[in-house]
Number of protein chains: 2
Amino acid sequence: MPAASVPDIVVGRLPLYLRALTQMAANGKEITSSQELGERLGISSAQIRKDLSQFGEFGKQGTGYNIGYLTDQLRRILKVDRVWDVVLVGVGDLGRAIAHYAGFVDRGYRVVAVFDNDPRKIGTTVGPFTVEDIALVQQQIRTRRVAVAMLAVPQAAAQAVTDTLVESGIRAILCYAPTSIQVPKDVHVQYIDPVLHMQRMTYYLP
Amino acid sequence: MPAASVPDIVVGRLPLYLRALTQMAANGKEITSSQELGERLGISSAQIRKDLSQFGEFGKQGTGYNIGYLTDQLRRILKVDRVWDVVLVGVGDLGRAIAHYAGFVDRGYRVVAVFDNDPRKIGTTVGPFTVEDIALVQQQIRTRRVAVAMLAVPQAAAQAVTDTLVESGIRAILCYAPTSIQVPKDVHVQYIDPVLHMQRMTYYLP
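Here's a quick rundown of the structure.

### Here's the deal with helix α2 (residues 34-41) of chain A
Residue and element names in this part refer to chain A. For α2, the set of buried residues is S34, L37, G38 and L41. Projected onto a plane normal to the axis of α2, the buried residues spread over an arc of 100° and lie on a single side. Among the structural elements, α1 (8-26), β1 (31-32), α3 (45-53) and β3 (64-66) are those in contact with the buried residues of α2.

Written out as structure tokens, the structure is:
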């Protein structure tokens, strides 16, 4: 599989396909087509066929895709045929919502520890977790060999926490802080900032 | 300004530029360069110059960009030189975090009303808001002429609420529900689903 040669924008669509297929399967569906997937996702069927063809032959012309099979293949390609341990740093309103969210584990991720630097929060309970001292995050990441982190700290703290996480072995950071963070080339960052998404939409509004 | 001809992927980077420039200005900086912006954002300086050139001439070769001027221009282009009213639907953990978040208004958006369909939540206070009955959302959207909505409802409710919002005049939806929603062509949707972002990263991990 020529993973290195697949454009990141294609990689970015695979999770959308997996999510839609998983929902179809949950509704008892067994077969779908690139047309049906495309209508559901607002992506052209040609694009979907082209994206999937970069990874192999998943369907036959005229018979469509077997949903169970394609789901398994996408899970394997996205490496969520396993469950990744995740640390969460920052227990403000958003971190609290993340800690309570039960929808990660079925999709390949499991929050295993939650950290903050606020003495009033350390030791308190958030969902199923006891908030731990950020001073312990490096040790925990190394002991548990965690590679993925969610960062829900204020903007001013984001870079310093990032540096600590990267030094401990984190290789993928989902950053909720509304700022850009600098990481080495072998560390992946994705950002979630609702304002970026809203600005991308209001650009088009009259 | 040839807005219609600018690729959406370029439009999607403008909010990143605006965010970085705003932070530079907050730190007292007055001039920057595409090189400096690029290092900060992990985007090539050539890409930044090319993106900005689609909208006009914002800097001179050798003297860089005036941060205040470029910020004003990007605000105008992204239409956040005004403040957009936003309705929030869904007051679970995530909706609650959004309602408490104070960082929208400086960046062009103001949550003006919060809705849920749960009788136990309607009438309760969330941050500065009293939760209103979802049955009132259409009337509120029309009266206040709201065009932007944030959707933080469960997956099963997402499409029905979307249909209601669109019918009332909403033209941009930020969807936190982990599912794809169908909208007419003149309605814009952006998705925030942390798992999609994490899968896009773990694809690359060993």
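### Re the nonpolar core
In terms of nonpolar packing, the biggest core is built from 102 residues, with L52, M150 and M198 of chain A together with L52 and M150 of chain B touching the most fellow members. When residues no more than four places from it in sequence are discounted, the contact partners of L52 of chain A are L14, Y17, F58, Y65, L70 and L74 of chain A.

### Some words on the interface of chain B and chain A
Listed as interface residues are 62 residues of chain B and, on the opposing side, 63 residues of chain A. Counting the surface lost from both chain B and chain A, the interface buries some 5900 Å², and carbon and sulfur atoms represent 62% of this. For the pair chain B and chain A, the number of links is six salt bridges. R200 of chain B is the partner of D8 of chain A in a salt bridge, and the nearest nitrogen-oxygen pair spans 2.8 Å. Counting every contact that joins chain B to chain A gives 30 residue pairs in polar contact (both at pLDDT 80 or more). Elements represented by at least two residues in the side of chain B that touches chain A include exactly α1 (8-26), α2 (34-41), α5 (93-100), β9 (148-151), β10 (172-175), β11 (188-191) and α8 (194-202) of chain B. For the side of chain B that touches chain A, a count of residues per class yields 39 nonpolar, twelve polar and eleven charged.

### Topic: the pairing of β10 of chain B
Both faces of the sheet carry side chains from a regular strand, because those side chains alternate between them. All names here are of chain B. Burial of the side chains of β10 extends over both faces: A172 and L174 are buried on one face and I173 and C175 on the other. Where β9 and β10 come together, four bridges link them in parallel fashion. Paired with A149 across the strands is I173, a residue of β10. For the crossover from β9 across helix α7 (residues 155-168) to β10, the handedness is right-handed.

### Notes on the sheet that holds strand β4 (residues 84-89) of chain B
Residue and element names in this part refer to chain B. Strand order in the open sheet formed by six strands is β8-β5-β4-β9-β10-β11, with parallel pairing between adjacent strands. Taken across any chain shown, the strands that pair with only one partner, and hence form the sheet edges, are β8 (132-133) and β11. Where β10 and β11 come together, four bridges link them in parallel fashion. Along β11, the bridge assignment pairs L174 with Q190. Across the sheet, α7 is in contact with β4, β9 and β10; its angle to β9 comes to roughly 170°.

How each quantity is defined
Residues numbered from 1 in each chain as written. Chains lettered and ligands numbered in written order. Predicted model: local features only at pLDDT ≥ 70, side-chain atom pairs only at ≥ 80, totals over all residues. Heavy atoms only, no water. Buried < 20%, exposed > 50% of the residue type's maximum accessible area, 1.4 Å probe, protein only. Helix = DSSP H or I, 4+ residues; strand = E, 2+ residues; numbered from the N terminus. Arc of directions from axis to C-beta. Contact = heavy atoms within 4.5 Å. Core = buried A, V, L, I, M, F, W, Y, C linked by side-chain atoms within 4.5 Å. Buried area = accessible area lost by both parts, 1.4 Å probe. Salt bridge = Lys/Arg side-chain N within 4 Å of Asp/Glu carboxyl O. Polar contact = N/O pair within 3.5 Å; in protein donor to acceptor, adjacent residues only side chain to side chain. Nonpolar A, V, L, I, M, F, W, Y, C, P; charged D, E, K, R; others polar. Pairing = 2+ DSSP bridges. Right-handed = clockwise from strand over helix to strand, strands pointing away. Axes fitted to C-alpha atoms, helices over the stretch in contact; angles between N-to-C directions.

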